[in-house]
Amino acid sequence: MRKIIGITGGIASGKSTVTEFLRQKGFQVVDADALVHQLQKNGGRLYQILVEHFGEKVLLENDELNRPLLASLIFSNSEEREWSKQTQGQIIREELWDLRGKLAQTEDLFFMDIPLLFEQDYASWFDETWLVYVSRDTQLDRLVKRDCLTIEAAKARLSSQWPLEEKKKLATFVIDNNGSREQLLSQVVKLLEGGAIHARA
Ligand code: ADP
């Protein structure tokens, strides 16, 4: 029987670390962030919409979008966040649905990594959802280090996502990433082998 698994978490909770491992194991993983990146490139479906909305100030000299500037414009303003959620959200959904349909024709088991899986109501697309979970302190710490952000900027990014504690109540399985990478990946191996690490334990 075919199985489609949604992977989610929060920013810097360890989703990419998990999906990189799954790819090494030979599984197909759709990466929603990478898709958005592609759609925001010059000529992509989101590019023109963003330039029209924010003006040419969001363009770099090479005519590509200045993504850090765009992120700060969107994350620092709740109206822009709402606009982005509606406008970009719909196009991203259509594109992800298309990819899901294509992979369903060839793969028995595949994954989709969607950071806002619960916030944007994707759960019904999946047979199981796996949440990569960390405490808020660990999340902030890893985010600040990975993206070289101030603690305030990191908190602003977190504020646009639901707390991981909330997502824990909704996920089929919770993968705890407060420990080492080895501890993280051994939980993934157990899930792949069918071992149960239950979400609401
Ligand atoms: P996400 O894809 O959810 O944004 P990443 O997989 O990029 O998160 O992880 C965020 C950061 O934390 C990265 O720099 C990654 O290397 C690091 N990281 C992930 N898991 C661990 C871990 N168990 N121990 C230490 N650092 C980790």
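Residues numbered from 1 in each chain as written. Predicted model: local features only at pLDDT ≥ 70, side-chain atom pairs only at ≥ 80, totals over all residues. Heavy atoms only, no water.

The protein is annotated in an unreviewed UniProt entry as Dephospho-CoA kinase from Streptococcus fermentans. UniProt, in its Function (unreviewed entry) section for the protein, records the words "Catalyzes the phosphorylation of the 3'-hydroxyl group of dephosphocoenzyme A to form coenzyme A." Taken verbatim from the UniProt record of the protein, the Sequence similarities (unreviewed entry) comment is "Belongs to the CoaE family." (UniProt positions renumbered as here; feature names shortened; annotations may be inferred.)

A. The UniProt feature "binding site: ATP" (unreviewed entry) in the protein, seen in detail. Residues given the UniProt feature "binding site: ATP" (unreviewed entry) here are A12, S13, G14, K15, S16 and T17. Lining the largest pocket, from the set of annotated residues above, are A12, S13, G14, K15, S16 and T17. For K15, a relative accessible area of 8% translates into the label buried. Residues in contact with K15, not counting those within four places in the same chain, are T8, G9, G10, D113, P115 and V132. With respect to the element layout, T17 can be found in helix α1 (residues 15-24). Owing to a relative accessible area of 27%, T17 belongs among the partly exposed residues under this scheme. (1 Å grid on protein atoms, 1.4 Å probe; cavity = no way out; pocket = protein on both sides within 12 Å on 5 of 7 lines; lining within 4 Å. Buried < 20%, exposed > 50% of the residue type's maximum accessible area, 1.4 Å probe, protein only. Contact = heavy atoms within 4.5 Å. Helix = DSSP H or I, 4+ residues; strand = E, 2+ residues; numbered from the N terminus.)

B. View of the side chain of T19. Tracing the backbone through its elements, the reader meets T19 in helix α1. You can call T19 buried: its relative accessible area is 2%. Beyond its immediate stretch of four places on either side in the chain, T19 contacts I7, V29 and D113.

C. Quick look at helix α2 (residues 32-39). Within α2, the full set of buried residues consists of A32, L35, V36 and L39. Down the axis of α2, the sector holding all buried residues measures 100 degrees, keeping them to one side. The elements touched by buried residues of α2 are β2 (29-31), α3 (47-54), α4 (67-75), α5 (78-104) and β3 (109-113). Backbone nitrogen of D33 and a side-chain oxygen of the N-cap are separated by 3.0 Å at the start of α2; the cap is D31. (Arc of directions from axis to C-beta. Polar contact = N/O pair within 3.5 Å; in protein donor to acceptor, adjacent residues only side chain to side chain.)

D. Here's a closer look at helix α7 (residues 151-159). Among the residues of α7, those classed as buried are A154, R157 and L158. Angularly, the buried residues of α7 cover 100 degrees about the axis, an arc narrow enough to put them on a single face. Away from its buried face by more than 90 degrees, α7 exposes E152 and S159.

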